[in-house]
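Residues per chain are reported as follows:
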Amino acid sequence: MTGATKQIVVNPITRLEGHGRIVIFLDDRGDVSRAYFQVPELRGFENFLVGRQAEDAPQITSRICGVCPTAHHMAATRALDDLFKVEPTKTAKKIREMLYSVFILEDHSLHLFFLGGPDFIVGPTAPKGDRNILGVLQKVGLEVGKKVIFMRKDLRNIIQELGGKVIHPVFGLPGGVAKGVTEEARDRYAKVADRGVEFALFCEKVLEDLVLSNKDYVNMIVSDAYTHRTSYMGLMDKNNHVNFYDGMIRVVDPSGKETEKFRVQDYLSHIAEHSEPWTYVKFPYLKRLGWHGFVDGPESGIYSVAPLARLNASDGMATPNAQKLYEKFFKTLGTKPVHHTLANHWARVIEIVYAAERFKELVNDPDITGTDIRAIPTEKPSEGMGVVEAPRGTLIHHYKSDERGILTGANLLVATQHNSARMAMSVDKAARSAIKGGVVNDGILNQIEMAFRAYDPCHACATHSMPGSMPLRVQIFDADGKIYKELSR
Amino acid sequence: MAKKPKVAFYWCASCGGCEEAVVDLAEAVLDVVAAVDIVFWPVALDFKVEDVEAMKDGSITVSFINGAVRLSEQEEMAKLLRKKSQVVIAFGSCSHMGGIPGLANLWDKDSIFDYYYHKGPTVQGQNGSEPLMKVEVPEGVLELPSFWDTVKSLDQVIKVDYYLPGCPPTPKLLANAVQALLSGKLPPPGSVLAGTRALCHECNLNESKPEKLLLKELKRVHEVQVDPKKCLLAQGVLCLGPVTRGGCEALCIGGNMPCTGCFGPTDEVKDYGAKGVAFLSSIVDFNEEKDIAKVLEKVPDPVGLFYRYSLPTSFMRRTLEVKRE
C-alpha cells in the first residue's frame, strides 16, 4: 500500500528489542493502515533439548518461563509418562493435579491483581502511574493487598514444599512424583484450601463489583474493537468440562459447534504452524482449515486458547461455584461462544474459583496421602506427547528419544503461541479503532496494549512482561523517516 | 537524612524467574523499598533508558542484572548500567554462568532457525519463511534484532563486581546481599554472594553421606524411588551437592531430587563441569575400563549434566566469532 506516511513504534523498553513491540503504520490521513505485533525472541530450546537425558526435560523446559515454570514442568512430565510408556499411580496423578490447581490459583490471581487487572480495577484511561499494583491497592484497600500477598505466599509455599523449588520445581518424573504428601502436610494444605476458596470467591466479587457493575467497562469489553470470531481450543474432561491437567483437546468453531476432539498424541494431524519474516514467533493454525492470513471467521484456521477459549470450548465447569459463575458469564454476555477478547479477565476469575475448588476436593481426597507416588518405567522409551492447560492456554510438549532415553527430537507448542495470530489481529484492530486522524495519546496506547494484555502479559512465554504498567516509548516518523513526535508513558 | 542508596534492576535474556524471585521477597520487599531508591526496574517501574543515560556516572549504588546476553541491545544496556553504577551484581545462573539458555551454544543461529522454521514436525514441508532482520511489508519496513550465534555470561561483556548465584537466587540471599550493601560490609570484589562451602555442608542428608564415597552402580532419577532420609549419592543417584556451592539450603534435595548445580562451583574451582567430571571419576569403584564404561552408561549426557548452567563460561567453550549483523 502506498500512502503510509507515519510510523509509530510502541516498544516496551522493559525488553528493548528483546521481547515484543508494536509497530503502527499510518496512512496520509493519519489513520492506521496496519499495526504489526512483533515478538523478537527465540531461544532454541527444541534444539538444545536434543542430546539431553529425557528425564531432565521437565527441569530444562521449566526455564522457558519463570512465571509459569510449573506448566512447562508438568507438560514435560506428562510427555515423559508417554515416552517411557508408564501409567502414573493413582496417588501421583492426584498429587500432580492438586499441585497444579494450586499453581493455577496462584498464577491467575497474580494476573488479576498485579498484571492485567490494573487496567480494569484502576481503569483503562487512568494515569499511568496509578495503573499498577499500588493503584490496585488504593482502590481495594491495604487489607486486601495483604490478603493477596499472604495468600500468594501460602500457595507458593505448598509448591515449594512438594516441588523443592517454586520457581523451577523438580517434582515431575515419568510415572509419578518425587515427593508424597504426609498427613500432617495434608492437614495444613486443607486449611490453605479453605482459605483459597474464600479468596477465589472474593477475587470474583472484586471483578464483579469494580468492573462488571461499570457500564463503561462492560461497553468496552463488548465493543467491536476487541472482538474476533475465531475457533477456540481447550483441554476437556470426559464431560467436556474444563480440565487443566488431563483430557482431550477440543476445538469449537466460531458458532460454538465442536469441530475437532483429539488426544494430544494426534496433535500433528490437527495443528500446523505458519511463519512470517517480520517476527520470531510462529503462528499455529488448524490444519483442517489451513492458513488464510490474519483473518477470523469460520473458514479461518486461526484459533484461540487461554481462559476465554477454554470456557468457550467447554460445556461447563466441574465444580459447583465455578459452574454457577460459568452460567452467569454466558447469560450476561448473551452468546456462546463469547468473542470479546477482554472477557478473558472475567473468564480468568471463574477459573480461579474452579482451581480453588478443585484444590480443595483433591486435598480432601483420601488417596492424596497415599505412598504409591511412583511407577518405575520398565519399557524402552521412544516417543511421547504431553498436554496441560497452562494459565495462558493449551501447552503441548512432544519428545522423541533413543532406547537409552536420550532425546533425539523435541517440539513445543507453548500456550501464547496458539494465540499469536489472534493477538496480532487484536492489536491491529484495536489500533485501527483507537487512532484516528493521527491522534495518539497515552490512554489510546494503553487500549491497544490492553488488546494483548488480556491474553496475558507473560505472553507466549516469550515476553514475560510482568507489570500492569508496561513502560512504552512511541515514536512517530514522518515520510522522510524523521521523528516528528515522541511520546512516552 | 542521608540520601538513600540508588538501586537498579535489569534483565537480559532470561525467563522471568529472577524477577519472580524478587517478588518472592513478599512482605520483605517493602523493607527493601523503604531502605533504597529504586531508580530503574523496567519490569515494575516506569523509568526510561533516557533517565539512566542522564544520570551521572557512578551515581547508582548497585545494579542487579539477570539473564544471559545474546542480543546487541542487551550488551549496550549492560554497558550503560556498568558506567552508571558503583557496583554491578550478576543476578542468577544465566548472568553468572550463561545458564540453561547457554546450552544453545551447542548449536548456532543457522541450525536453530533451520529446525524451528523448516524441519520441526509442525512446520516441515510448508516452505515457510524465517525471520529477517529487515523486511519490507506493504506498509513500510520492519526490523528485528539479530540473533547471535553465541550466548554469553554477563562478565563476558562487562566487569562484574559480585555474583548472586542460583536458578533463581533465593529471596534470602537477595535480602542478605542488599543488607551487606546497605551496611557497607562488602566482601572482596569478585565474590559470589552465597555459601563458601559445598552444598553438602548444609544438606539435611549429609549425616548419611558415606565417609568415603565409592559406587559400583549409578542410577538415573527416573529409575529409582529414593529414600528421602538418605544421602542420594549413597543411593547411587548422582547428586552434584559435593561440587556445588552452598547457599540454597538444599531445596531440590528437599524435593527428593538431586542437586543439578545451579549455584555453580565453589571459590577454588574455575570450571564447574571439569570439577564434576573429576568428582564422578573419583567415586566410580572400578579399575577395569569395561566396568567403568558400564557404570558410565548411566551418565549418557555429561555436557547436559555437568554444564547444564555453565556452558558459556566453560574452558571448553567454542571460540567462534560472534556475528553482528
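Residues numbered from 1 in each chain as written. Chains lettered and ligands numbered in written order. Predicted model: local features only at pLDDT ≥ 70, side-chain atom pairs only at ≥ 80, totals over all residues.

**Q** Describe the overall build of chain A, and please don't skip the residues or the numbers.
**A** Across its full length, chain A carries 15 helices and 16 strands. Relative to its 489 residues, chain A shows a buried fraction of 65%. Restricting to contacts in chain A with at least 6 residues of sequence separation, those with at least 24 account for 70%. (Helix = DSSP H or I, 4+ residues; strand = E, 2+ residues; numbered from the N terminus. Buried ≥ 20, exposed ≤ 12 C-beta atoms within 10 Å, placed from the backbone. Contact = placed C-beta atoms within 7 Å.)

**Q** Before we move on, can you summarise the nonpolar core with the specific residues and values?
**A** Counting residues in each nonpolar core, the largest one holds 242 residues, and the members touching the most others are Ile350(A), Val427(A) and Ile65(B). When residues no more than four places from it in sequence are discounted, the contact partners of Val427(A) are Ile22(A), Ala35(A), Phe37(A), Ile448(A), Ala451(A) and Phe452(A). (Core = buried A, V, L, I, M, F, W, Y, C linked by C-beta atoms within 7 Å.)

**Q** Explain the sheet that holds strand β6 (residues 231-236) of chain A to me, using residue names and the numbers behind them.
**A** Residue and element names in this part refer to chain A. The strand order across the open sheet built from 4 strands is β8-β7-β6-β11, with neighbouring strands paired in mixed fashion. In this open sheet, the two strands that pair with only one neighbour each are β8 (258-262) and β11 (303-304). Across 4 bridges, strand β7 (residues 248-252) lies against β8 in antiparallel orientation. Directly across from Arg 250, in β8, lies its bridge partner Lys 261. (Pairing = 2+ DSSP bridges.)

**Q** How would you sum up the packing of helix α7 (residues 142-163) of chain A against helix α8 (residues 183-212) of chain A? Please name residues and give values.
**A** All names here are of chain A. Contact pair α7 / α8: the axes reach a minimum separation of 10 Å and the direction vectors enclose 145 degrees. The handedness of the crossing between α7 and α8 comes out as left-handed. Two secondary-structure elements touch here, α7 through Met 151, Asp 154, Leu 155, Ile 158 and Glu 161 and α8 through Ala 185, Tyr 189, Val 192, Arg 195 and Phe 199. Here the residues of the contact of α7 with α8 are counted per class, giving 7 nonpolar, no polar and 3 charged. (Axes fitted to C-alpha atoms, helices over the stretch in contact; angles between N-to-C directions. Left-handed = near helix turned anticlockwise from the far one by under 90°. Nonpolar A, V, L, I, M, F, W, Y, C, P; charged D, E, K, R; others polar.)

**Q** Which residues make up the sheet that holds strand β13 (residues 393-401) of chain A, and what values go with them?
**A** Residues and elements named next belong to chain A. Here we have 3 strands laid out as an open sheet, ordered β12-β13-β14, and antiparallel in their pairing. Each edge of the open sheet is held by one strand with a lone partner, namely β12 (383-390) and β14 (407-413). This sheet shows a mean twist of 15 degrees between the axes of neighbouring strands, independent of strand direction. Inspection of the sheet shows β13 paired to β14 by 6 bridges, in the antiparallel sense. The residue of β14 that forms the bridge with Ile 396 is Leu 413. Packed on one face of the sheet, helix α3 (residues 69-83) meets β12 and β13 and runs near 150 degrees to β12. Those strands touched by helix α14 (residues 415-434) are β12, β13 and β14, and its axis lies near 125 degrees from that of β13.

**Q** So what's going on with the domain arrangement of chain A? Residues and values would help.
**A** Residues and elements named next belong to chain A. Here chain A is described as being made up of domain 1 (4-41 + 430-488), domain 2 (44-85 + 377-413) and domain 3 (87-225 + 340-374). The gap between the C-alpha centroids of domain 2 and domain 3 is 25 Å. Counting residues at the interface gives 19 residues for domain 2 and 16 residues for domain 3. Top contributing element to the side of domain 2 that touches domain 3 by residue count: α3, with 9 residues. (Domains from an automatic or database assignment.)

**Q** Tell me about the pairing of β7(A), residues and numbers included.
**A** Residues and elements named next belong to chain A. Counting buried positions along β7 yields 4 of 5 residues, so the element is predominantly enclosed. Looking at chain direction, β6 and β7 are connected through 5 bridges and run antiparallel. Bridge pairing in β7 links Tyr 232 to Val 252.

**Q** Would you mind going over the interface of chain B and chain A in detail, with residue names and values included?
**A** Between chain B and chain A, the residue contacts involve 67 residues of the former and 76 residues of the latter. Among the elements of the structure, α1 (17-23), α4 (72-84), α6 (109-119), β5 (134-137), β6 (140-143) and α8 (251-254) of chain B are those that each provide at least two residues to the side of chain B that touches chain A. For the side of chain B that touches chain A, a count of residues per class yields 38 nonpolar, 17 polar and 12 charged.

**Q** Residue-level account of the environment of Thr122(B), with values.
**A** Within the secondary structure layout, Thr122(B) lies in the loop between α6 and β5. The class of Thr122(B) is buried, set by 21 C-beta atoms lying within 10 Å. Apart from residues no more than four positions distant in its own chain, Thr122(B) is found in contact with Leu268(A), Ile271(A), Ala272(A), Glu273(A), Asn411(A) and Leu413(A).

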